[in-house]
Amino acid sequence: MKIKELIHDKEHNYLSIMKIVGVVMWIVGVIASIGMIFIAIGIGFLFLSILESYFKAVIYGNSVKVTEKQYPDIYKVVKSQSEKLNMQIIPDVFICNGNGLINAFAVRFLSRKYVFLMENLVDLMLKNNKKDELNFIIGHELGHHAAGHLDVKRNLLIKPAFIIPFLGAAYSRACELTADRIGFKLTGKISSSENALVALAHGSESLVTKTNIDEFISQEKEIPEIMGFLYKVFSLHPFMTRRVLEIRNFNKITS
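Trainee: Any chance you could explain the overall build of the chain here in plain terms?
Mentor: Along the backbone of the chain there are ten helices and four strands. Here the C-alpha coordinates of the chain stretch approximately 95 × 45 × 35 Å along the principal axes. A total of 255 residues make up the chain; the buried ones form 35% of that total. Restricting the contact set of the chain to residue pairs at least 6 apart, pairs at least 24 apart contribute 65%. Of the accessible surface of the chain, which amounts to about 16200 Å², a share of 62% is contributed by carbon and sulfur atoms. With 30 positive and 24 negative side-chain charges, the chain shows a spacing of 5 Å between the two charge centroids.

What follows is the structure, encoded as structure tokens:
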């Protein structure tokens with residue numbers, strides 16, 4: 001039986017019309033979808049622009065910017081490291097009140113790159129003459145910018161991949177290890193790099209010169225396997241013991 005011979009003439013005619021209309025609608029749909037995507041991107045960039053403007057109002061009004069005339073010693077480090085990292089524009093670095101928080105972080109908006117150093121962290125290092133340790137931390141944060149971890153286009157591209165369970169967290173942990181390597185390479189001192197990481201772990205001004213690094217690393221063996229694994233897969237940062245081990249092993253490989 002030849003089915004084609006049984007198809008009614010009207011079906012042929014209507015099918016032809018349906019195909020033409022269908023193709024047109026698909027083209028319109030694709031164009032509309034692309035248009036919606038561009039509109040969404042445009043709205044996103046507009047939102048980021050407004051957010052950055054508000055952000056600048058807050059930080060310029062409440063934090064102290066590091067410049068050639070404001071904390072020049074720190075600025076020299078930032079400038080030197082930025083040049084070594086081939087950064088065309090030096091990120092804006094601010095010292096801010098962290099309300100006891102000992103930390104530093106990098107932020108990127110559309111037009112500018114920023115690095116924030118909490119005042120407790122700066123005091124912890126400078127009061128103990130740990131300038132190389134502070135340099136490592138500054139290098140770590142600049143490293144996030146230099147390595148593209150905060151690049152807007154890159155992060156838009158990979159954003160859908162975060163739907164895969166644990167992949168985004170694993171990527172974030174890997175970025176931290178990369179930034180540690182950059183900070184170490186900028187300072188060139190493994191002991192200062194390790195001390196800086198451990199100082200972030202204990203946060204004690206009085207103990208910053210007294211911590212046994214090898215003893216700290218040995219704590220890695222005491223982490224319960226199952227709970228340690230659960231923490232790791234959800235965390236955006238590796239265990240500090242692991243970071244010290246990683247930077248020590250990296251030093252052995254590259255030295």
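Trainee: Whenever I open this one, the side chain of Ser235 confuses me. Can you help?
Mentor: Examined against the element boundaries, Ser235 turns out to sit in the loop between helix H9 (225-234) and helix H10 (240-254). Side-chain polar atoms of Ser235 contact the backbone oxygen of His237, separated by 2.7 Å. Leaving out residues up to four positions away in the same chain, Ser235 has contacts with Ala169 and Arg173.

Trainee: I tried to follow the layout of surface pockets on my own but got confused; where do I start?
Mentor: Using a probe with the size of a water molecule, rolled over the atoms, empty space left in the structure can be pinpointed. In this structure, the largest pocket occupies an estimated 920 Å³ of space. For the largest pocket, the lining is made up of 39 residues, of which Ala106, His149, Leu150, Ser172 and Glu176 are closest to its centre. Of the residues that constitute the lining of the largest pocket, the class distribution is 24 nonpolar, nine polar and six charged. Counting only elements with at least two residues in the lining of the second largest pocket, the list comes to helix H6 (167-187) and H9. Among the residues making up the lining of the second largest pocket, the classes are represented as six nonpolar, one polar and five charged.

Trainee: Whenever I open this one, the side chain of Asn135 confuses me. Can you help?
Mentor: Along the polypeptide, Asn135 turns up in helix H4 (residues 131-146). Classification of Asn135 by relative accessible area gives buried; the value is 17%. If we ignore the near neighbours within four places in the chain, the residues touching Asn135 are Val77, Gln81 and Thr187.

Here is what the cut-offs are and how they apply
Residues numbered from 1 in each chain as written. Predicted model: local features only at pLDDT ≥ 70, side-chain atom pairs only at ≥ 80, totals over all residues. Heavy atoms only, no water. Helix = DSSP H or I, 4+ residues; strand = E, 2+ residues; numbered from the N terminus. Buried < 20%, exposed > 50% of the residue type's maximum accessible area, 1.4 Å probe, protein only. Contact = heavy atoms within 4.5 Å. Areas by Shrake-Rupley, 256 points an atom, 1.4 Å probe, with all protein chains shown as cover. Lys, Arg positive; Asp, Glu negative; His and termini not counted. Charge placed at Lys NZ, Arg CZ, Asp CG, Glu CD. Polar contact = N/O pair within 3.5 Å; in protein donor to acceptor, adjacent residues only side chain to side chain. 1 Å grid on protein atoms, 1.4 Å probe; cavity = no way out; pocket = protein on both sides within 12 Å on 5 of 7 lines; lining within 4 Å. Points joined across faces, edges and corners; volume = space filled by probe spheres on them. Nonpolar A, V, L, I, M, F, W, Y, C, P; charged D, E, K, R; others polar.

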